[in-house]
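Observations on chain architecture
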Amino acid sequence: MECVVRPCRAEDCVEVMRMIRELAEFEKLPDQVQINDQVLREDGFANDPFYRCLVAEVPPEYRSRDGHTIVGYGLYFFTYSTWKGRNIYMEDLYIMPEFRGKGIGKKLMSKIAESWRGNPGVLAPSPPALTHQAPLCSYNQKENPGVLTPILTQLIALR
């Protein structure tokens, strides 16, 4: 499916927040979401942002049933380990249900991996720790063999 993966812009925070709520609903934890799009905007687009985010956008002719063209996101940030140095942590990788299985998650994961590869010394991205993300795990094994094998093996075993 035709889609563009690009950096999230401040005006996209409303759409990203919509998908964060969708993910929380799916996980049956909607009451756990304590932020709104304004907080997301402030935290991601300040002088020293707390996170980075990429969005997957489809052309208008492929918009969702509800009219959305932003159909997925990947939110990640850099951390620091006193034992291992720089790390990248992927908080969420989400694709709207009607757009799953079309390679959009793979495109998002590839772009996040580019951020990792573009920062020498940063450890490999960790996949979201949700058991229903097995397709992401198998993709990561093909693209980055041997990277995070214990985590991926555990996630696949939990499936």
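Residues numbered from 1 in each chain as written. Predicted model: local features only at pLDDT ≥ 70, side-chain atom pairs only at ≥ 80, totals over all residues. Heavy atoms only, no water.

Some details on helix α1 (residues 13-26)
Across its 14 residues, α1 extends 20 Å between first and last C-alpha, which sits within 8% of the 20 Å expected from 1.5 Å per residue. All of the buried residues along α1 are C13, V16, M17, R18, M19, I20, L23 and A24. Buried residues along α1 sit against α2 (37-44), β2 (52-57), β3 (70-81) and β4 (85-95). (Helix = DSSP H or I, 4+ residues; strand = E, 2+ residues; numbered from the N terminus. Expected span 1.5 Å × (residues − 1). Buried < 20%, exposed > 50% of the residue type's maximum accessible area, 1.4 Å probe, protein only. Contact = heavy atoms within 4.5 Å.)

Re the pairing of β2
Alignment of strand β1 (residues 4-7) against β2, held across four bridges, turns out to be antiparallel. Bridge pairing links V5 to A56 in β2. Both β2 and β3 contribute to a ladder of six bridges, which runs antiparallel. Residue R52 lies in a different strand from β3, and its bridge partner there is Y76. (Pairing = 2+ DSSP bridges.)

Some points on the sheet that holds β3
Strand order across the open sheet formed by four strands is β1-β2-β3-β4, with antiparallel pairing between neighbours. At either end of the open sheet lies a strand with only one pairing partner, and these are β1 and β4. Between one strand axis and the next, the sheet turns through 20° on average, direction left out of account. In this sheet, β4 lies alongside β3 in antiparallel orientation, the contact comprising 10 bridges. In the strand pairing of β4, G74 is matched with L93. Sheet strands touched by α1: β2, β3 and β4. Its angle to β3, the strand with the most contacts, is close to 85°. (Axes fitted to C-alpha atoms, helices over the stretch in contact; angles between N-to-C directions.)

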